[in-house]
Amino acid sequence: MPNYGVPPVALARGAGTVVWDVDGKEYLDFIGGIAVLSLGHAHPALIQAVSAQVATLAHTSNLFLHEPEVKLAERLLTLLGHPGRVFLANSGTEANECALKMAIKYGKSTGRSYFVAAEMGFHGRTLGALSLTGKPAIRDQFGPFPLDVRFVPYGDAEALAKAVDEECAAVFLEPTQGEAGVVPPPDGYFAAAREITRQAGALLVADEIQSAIGRTGHWFAHQAEGVLPDIVTLAKGLGGGLPIGAAIGFGAAGTLFAKGDHGSTFGGNPVSCAAALAVLENVDLDHVRSMATLLRDGLEAIRHPLLKGVRGRGLWLAAVLAGEQAGQVQAAAQRAGFLVNAVQPDAIRLAPPLVVTAEQIHTFLTAFPAILDEAGDG
């Protein structure tokens, strides 16, 4: 189907932060499968974990229990630092669908009827998750939606406070907006959201699909402000390339579902759980933080008329452009041997694997001014 157009590169193999196309051309991968490839391509620990698991037990369905899903749930709760309940799914949008069903059930049990989300937020493309997504270009053509969702400007705590009252069931927010162009909120915004929802009795759902698993320099981005949401959703970087998602409820939110309320045939698949455990065992937060500083400082040091600034957190940054030339920059980078993502017309998303090296960052930074030159000339 023509959803994606014709992709510009056909990839054949990868190793670490390097990939090769079918013609043998080499690229530095600064997309990372859209913040998915936490350990890069063909990481030995991931290969070993997946190979061993698929040779032992590849699938059970949700009718039976297996050890990797239990270990993964326990490991996630340990990293989150709070007791809770975990539902394992296949993807980010499914994790958010699960969270939405939890919020709907909470709303029905407490007489709450509407939801709040952020303008330009992205929570998925299935109809439930899409109803929470504040991007008109991908949302509007599939409405009307069955839910009452009210959108507020992202990062505006005052607007959020006005939108949330005792009839609000839940607020869905990304700790940093990914598809909007890697847009972090002002300092204190998530803490304010936690207090606003607490006072109103609404649930706070943190969509950490892109931002978690060390991407921002913390295991989970909300930890930077020391807050605990009621529900956290995960996917992308958790599986390191294999499909997996999770919805995690804390306190009363963890027990909203009763037996039979939700399910997934492939959710918690043993192979995907084994991959996720390998990821969590091998992500080095100290390395992420040092490489993030190197990349950000290097970008901020570039003086070029097309480069307006840098935003984001950790190894999840946007090179903000002075004009809407992100497509040209992406194409010029590809010709120069780098894969980047024109996430918005004026923003280039950089989300390299968390194993990226200082030498590879230096290589990219050295080449980026000439890439901008070529894009500007075009």
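Here's a quick rundown of the structure. (Residues numbered from 1 in each chain as written. Predicted model: local features only at pLDDT ≥ 70, side-chain atom pairs only at ≥ 80, totals over all residues. Heavy atoms only, no water.)

1. Considerations on the sheet that holds strand S6 (residues 149–152)
Working step 1: Overall, mixed pairing links the 7 strands, which are arranged S4-S10-S9-S8-S7-S5-S6 in an open sheet. Looking at the sheet topology across the chains shown, the edges are occupied by strand S4 (84–89) and S6. Geometrically, the sheet is characterised by an average inter-axis angle of 20 degrees between neighbouring strands, direction not taken into account.
Working step 2: Across 4 bridges, strand S5 (residues 114–118) lies against strand S7 (residues 168–173) in parallel orientation. The residue bridging Val116 from the neighbouring strand is Val171, located in S7.
Working step 3: Most of the contacts of helix H8 (residues 189–200) go to strand S8 (residues 203–207), to which it runs at about 150 degrees, and overall it touches S7 and S8. (Pairing = 2+ DSSP bridges. Helix = DSSP H or I, 4+ residues; strand = E, 2+ residues; numbered from the N terminus. Axes fitted to C-alpha atoms, helices over the stretch in contact; angles between N-to-C directions. Contact = heavy atoms within 4.5 Å.)

2. What about the packing of helix H10 (residues 285–300) against helix H12 (residues 358–377)?
Working step 1: The interhelical angle for the contact between H10 and H12, taken along N-to-C directions, is 10 degrees, at an axis separation of 10 Å. By the angle between their axes, H10 is roughly parallel relative to H12. Between H10 and H12 lies a crossing whose hand is right-handed. The segment H10 lies against H12, with Met291, Leu294, Leu295, Gly298 and Leu299 engaging Ala358, Ile361, Phe364, Leu365 and Phe368.
Working step 2: Classifying every residue of the contact of H10 with H12 gives 9 nonpolar, 1 polar and no charged. (Parallel < 35°, antiparallel > 145°, perpendicular 65-115°, else oblique. Left-handed = near helix turned anticlockwise from the far one by under 90°. Nonpolar A, V, L, I, M, F, W, Y, C, P; charged D, E, K, R; others polar.)

3. Topic: the nonpolar core
Inside soluble globular proteins, nonpolar side chains tend to come together where they are buried.
Working step 1: Core analysis: the largest hydrophobic core is formed by 86 residues, its most contacted members being Leu160, Leu238, Leu299, Phe364 and Phe368.
Working step 2: No other element matches H12, which puts 8 residues into this core.
Working step 3: Aside from chain neighbours lying at most four places away, what touches Phe368 is Leu299, Ile302, Leu307, Ala319 and Val329.
Working step 4: Membership of the second largest hydrophobic core comes to 19 residues, among which are Phe115, Ala117, Val149 and Ile231. (Core = buried A, V, L, I, M, F, W, Y, C linked by side-chain atoms within 4.5 Å. Buried < 20%, exposed > 50% of the residue type's maximum accessible area, 1.4 Å probe, protein only.)

4. Side note on the sheet that holds strand S2 (residues 18–21)
Working step 1: Ordered by their spatial adjacency, 4 strands build an open sheet running S1-S2-S3-S13, and the pairing between neighbours is mixed. If you trace the sheet from one side to the other, it starts and ends with strand S1 (11–15) and strand S13 (338–339), each paired once.
Working step 2: Pairing between S2 and strand S3 (residues 26–29): 3 bridges, direction antiparallel. Within the sheet, the bridge partner assigned to Val19 lies in S3 and is Tyr27.

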